[in-house]
Amino acid sequence: MKLRDSIQYVKGVGPKKKAELNRMGIRTVYDLLTWFPRTYEDQSVLTRIAELKPGERATVSGVIMNVSERQAGRRGMTILTALIGDGSAFLQVTWFNQKYLKKQLQTGRRVFVTGKAEYAYGGRGQFAMSQLSGFQILDEEEQPEEMCGILPVYPATERLNQKFFRKTMAGLLQEEFELPEVIPADIRKRYQLQGRREALQKIHFPADFAELKAARNRLAFEELYLIQCGLLILKRQSREKKKGIRHLLSSELVHRLEASLPFKLTNDQAKVWREICHDMESPVPMRRLVQGDVGSGKTVIAMLALVKTVENGYQGALMAPTEILASQHYEGFRAQLEPLGIRLGFLSGRLTKKKREAMYAAIAAHEVDIVIGTHALIQEGVHFAKLGLVVTDEQHRFGIAQRAELEKKGELMPDVLVMTATPIPRTMTLTVYGDLDVSLIQELPPGRQPIRTFVRQPDRRELIYKYVLSQLEAGRQAYVVCPLIEMNEESPLPSVEEIYEELRYGIFRDVPVGLVHGKMKAAEKEQVMQDFYEDKIKLLVSTTVIEVGVNVPNASIMVIENAERFGLAQLHQLRGRIGRGPYQSFCILVSEMKTENAKERLQIMAETTDGFKLAEEDLRLRGPGQFFGAMQHGLPDLKIADVLQDMDILLLARRAALETMENQADVRDILPILALQYQQQFLNITET
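Reading guide: rules and limits
Residues numbered from 1 in each chain as written. Predicted model: local features only at pLDDT ≥ 70, side-chain atom pairs only at ≥ 80, totals over all residues. Heavy atoms only, no water. Helix = DSSP H or I, 4+ residues; strand = E, 2+ residues; numbered from the N terminus. Buried < 20%, exposed > 50% of the residue type's maximum accessible area, 1.4 Å probe, protein only. Contact = heavy atoms within 4.5 Å. Pairing = 2+ DSSP bridges. Core = buried A, V, L, I, M, F, W, Y, C linked by side-chain atoms within 4.5 Å. Axes fitted to C-alpha atoms, helices over the stretch in contact; angles between N-to-C directions. Phe/Tyr/Trp six-rings, centres within 6.5 Å; stacked < 30°, edge-to-face > 60°. Salt bridge = Lys/Arg side-chain N within 4 Å of Asp/Glu carboxyl O. Expected span 1.5 Å × (residues − 1).

## Structural notes on the side chain of Gln 471
Part 1 of the reasoning: As for its placement among the helices and strands, Gln 471 is situated in helix H15 (residues 461-473).
Part 2 of the reasoning: What makes Gln 471 buried here is its relative accessible area of 15%.
Part 3 of the reasoning: Apart from residues lying up to four places away in sequence, Gln 471 is in contact with Arg 476, Ser 556 and Ile 557.

In structure tokens, the structure reads:
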């Protein structure tokens, strides 16, 4: 039997079961082998019914003495109760709304039950069992002793229950099938990892918890190691496939720009700039991610890098996530770079056909040095005469496919700089951006005052908005952010439109108030944002569309309604819209904080403005599933590893993958395994 064989060749799987397994995503022998238990039931000790203690979990085995059925409640809920005896005493076991069990619960059948013991209601000292976590009706030939041990609990369905998975898995593990070892022998020895077959046997049927831990460590290591190898091979291939551009040391143009800046680079900015120069001056194509908190000064680093490529006779491209941000970058760059004789161009989907075609021609003829625009920059029709550097934003999910598009745009592979204001926990960058080198900017530029954040109950709204009005009268601008766009019967929360109406015709009736949300047409949104940028609108009521917004230094106050509805990372992004000017800025989080989790999250927001610390907390509170889900990074789903819980394993796996990259034979061995197990993610991997 081969790992890629259809599930239908496994003993006990007929056409109906095959269809059900397929619905669960189990199509091959390998899928079934790696359908790992979600938890385990410790049934290693059998307790006599007479020795049960109230409140303690236990496993008992006995014979069904009788079964009763009754209906309860207005909806006629079915309640099945079985009386079980083991010769020492009797035990009541109850099932709610599981009528299908009645056929199986036959008098005289032996059962195995795990749950919490408590006194039965009106049972005169008789025990009952609640919170069942294990229940099995034994076949005639099965003995209770055979059921003892640590039993796997699988993600299951009504049709495919625990008994099916345990029996099928036990049978499969006794079969002869090809199971190639995927971790080189020297790495297994160095990191003290057991063999793959042994680990699979023990993850499903461990003799004790020490065996289970060793098996899980091996399989989590394997999963993280293979993904790291895939990312490192991609990184190597993007460097080897096409020759990169070797920029010369920075010269007059870069020095003139540095001298014209109205501020000195912070230590972090200077360090990142040195790292970028080192990459650009190497013949290997640059692949660098710059992580910088909101307002940390990433744009100036991008500007320096673009000027460096222009100085070397190449063209640069800067992609921004929104039209208005691209336009803002264009104006800022023009003011700084045109005096240096650098020719700038602007390209977006909203240009007229005539203007767009004129810009295409100018780019192709090298009449433009730096092009700033939206995603339109990598579309068909854009041909650079000599593209040297692309600066892009993490919002573009600028992945392997887009990089391949860029490769087609020139003879040489341009350098790529990816900017992100989404702080990713430090070690997480290994998983999410394993094929990029990572730089961090954590210092804020001098003169920036930290934003003060407060958490307030809704009964303080009147006072809050009076304070906002006083700030507007002093010449500042403000944001009010709401989670909902329109009224929703399922939610008691006011919509953004309702709050807009309330404020516009209430306390702010003499103030220009604007409204912006995701369902508006792009042109309308752009116009409102432009009016806010030009100070024609004083108060902007919006949803999270302002997360990637414009730079409005005059905006110094933000009120976030129903703040508990947002994740920490999102709240931090929103808060980053203020505090960009010389004024003290305030962020007020309005929330009833009904749950402990909400209270804890908002308290963390009030206590720190460190985006990296907040990202760590967000990950801890929301779990990796949601955290990564929001990022849409396109990596394979993890079957057994948990990047939060297994951070130490991830770091060891990363080190092992780097060691593997040094041995060409090991790299050759791992390519077919990656192609087999991670077809979607590493489809582009070819023999090196």
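## Focus on the pairing of strand E9 (residues 315-319)
Successive side chains on a regular strand alternate, one facing one side of the sheet and the next facing the other.
Part 1 of the reasoning: Of all the five residues making up E9, five are buried; the element is thus mostly covered by neighbouring parts of the structure.
Part 2 of the reasoning: Side chains Gln 315, Ala 317 and Met 319 of E9 all project onto a buried face; the interleaved residues Gly 316 and Leu 318 project onto the opposite face, where all are buried too.
Part 3 of the reasoning: In this structure, E9 lies alongside strand E12 (residues 387-393), joined through four bridges in parallel fashion. Considered in E12, the bridge of Leu 318 is made with Val 391.
Part 4 of the reasoning: Where E9 and strand E11 (residues 370-373) come together, four bridges link them in parallel fashion. Residue pairing in the sheet places Leu 318 in a bridge with Ile 372 of E11.

## Details of the nonpolar core
Nonpolar side chains in soluble globular proteins tend to be buried together.
Part 1 of the reasoning: Within the largest apolar cluster, 57 residues are counted, with the highest numbers of intra-cluster contacts made by Leu 21, Leu 32, Leu 33, Phe 165, Ile 203, Phe 221 and Tyr 225.
Part 2 of the reasoning: Those elements giving two or more residues to this core turn out to be helix H2 (29-33), helix H4 (162-174), helix H6 (196-204), helix H7 (209-241), helix H21 (647-661) and helix H22 (664-677).
Part 3 of the reasoning: Residue contributions to this core peak at 11 residues, all from H7.
Part 4 of the reasoning: Setting aside residues no more than four positions away along its own chain, Tyr 225 makes contact with Val 182, Ile 183, Pro 184, Ile 187, Ala 653, Ala 656, Ala 657, Thr 660 and Ile 670.
Part 5 of the reasoning: In terms of nonpolar packing, the next biggest core, distinct from the first, is built from 56 residues, Leu 265, Leu 318, Leu 337 and Val 371 among them.

## Structural notes on the sheet that holds strand E20 (residues 586-590)
Part 1 of the reasoning: Taken together, the six strands give an open sheet; going across it, the order is E15-E20-E19-E16-E18-E17, and neighbouring strands pair in parallel fashion. Either end of the sheet is taken by a strand with one partner, and the two such strands are strand E15 (452-456) and strand E17 (513-516). Strand-to-strand, the axes of this sheet are offset by a mean angle of 15°, without reference to chain direction.
Part 2 of the reasoning: With five bridges joining them, E15 and E20 adopt parallel strand pairing. Residue pairing in the sheet places Val 455 in a bridge with Leu 589 of E20.
Part 3 of the reasoning: Strand contacts of helix H17 (residues 522-533): strand E16 (477-481), E17, strand E18 (539-542) and strand E19 (555-560), with the helix running at about 145° to E17, the strand carrying the most contacts.
Part 4 of the reasoning: In the packing of helix H19 (residues 596-607) onto the sheet, contacts are made with E15 and E20, and the angle to E15 comes to roughly 155°.

## Overview of the sheet that holds strand E14 (residues 437-441)
Part 1 of the reasoning: In space, the seven strands of this open sheet follow the order E10-E11-E9-E12-E13-E8-E14, with parallel pairing throughout. Looking at the sheet topology across the chains shown, the edges are occupied by strand E10 (344-347) and E14. The average angle at which neighbouring strand axes cross in this sheet is 20°, direction not considered.
Part 2 of the reasoning: Relative to strand E13 (residues 415-420), E12 runs parallel, the two sharing five bridges. The residue of E13 that forms the bridge with Thr 392 is Val 418.

## Notes on the pairing of strand E4 (residues 90-96)
Part 1 of the reasoning: Here E4 shows a clear split, with Leu 91, Val 93 and Trp 95 buried on one side and none of Phe 90, Gln 92, Thr 94 and Phe 96 buried on the other.
Part 2 of the reasoning: Hairpin connection, strand E3 (residues 77-85) to E4: the antiparallel pair is bridged by four residues, and Gly 87 has positive phi, about 95°.

## Things to note about the packing of aromatic side chains
Part 1 of the reasoning: A complete count under the given rule lists 10 aromatic pairs for this structure.
Part 2 of the reasoning: Ring plane angle 40° and centroid distance 5.4 Å describe the contact between Tyr 330 and Phe 346, whose orientation is recorded as tilted. Within this pair, whereas Tyr 330 is found in helix H11 (residues 323-337), its partner Phe 346 is found in strand E10, the two being separated by 16 residues in sequence.
Part 3 of the reasoning: Tyr 330 gets classed as buried once you look at its relative accessible area, which sits at 14%.

## What about the pattern of salt bridges?
Part 1 of the reasoning: With the rule as written, the count across this model stands at 27 salt bridges.
Part 2 of the reasoning: A salt bridge links Glu 20 to Arg 23; the nearest nitrogen and oxygen atoms lie 2.7 Å apart. Linking Glu 20 with Arg 23, this pair stays in helix H1 (residues 15-23), spanning three residues, or about one helical turn.
Part 3 of the reasoning: Between Glu 222 and Arg 218 there is a salt bridge, with its nearest N and O atoms 2.6 Å apart. Taken together, the positions of Glu 222 and Arg 218, both in helix H7 and four residues apart, correspond to about one turn of that helix. The burial state of Glu 222 is the same as that of Arg 218; both residues are buried.

## Quick word on H17
Part 1 of the reasoning: In this model, H17 (12 residues) spans 16 Å end to end at C-alpha, consistent with the 16 Å of a helix rising 1.5 Å per residue.
Part 2 of the reasoning: For H17, the full list of buried residues reads Glu 526, Val 528, Met 529, Asp 531 and Phe 532.
Part 3 of the reasoning: In this structure, the buried residues of H17 make contact with H11, E16, E17, E18 and E19.
Part 4 of the reasoning: Asp 535 sits one or two positions beyond H17 and adopts a positive phi of about 70°.

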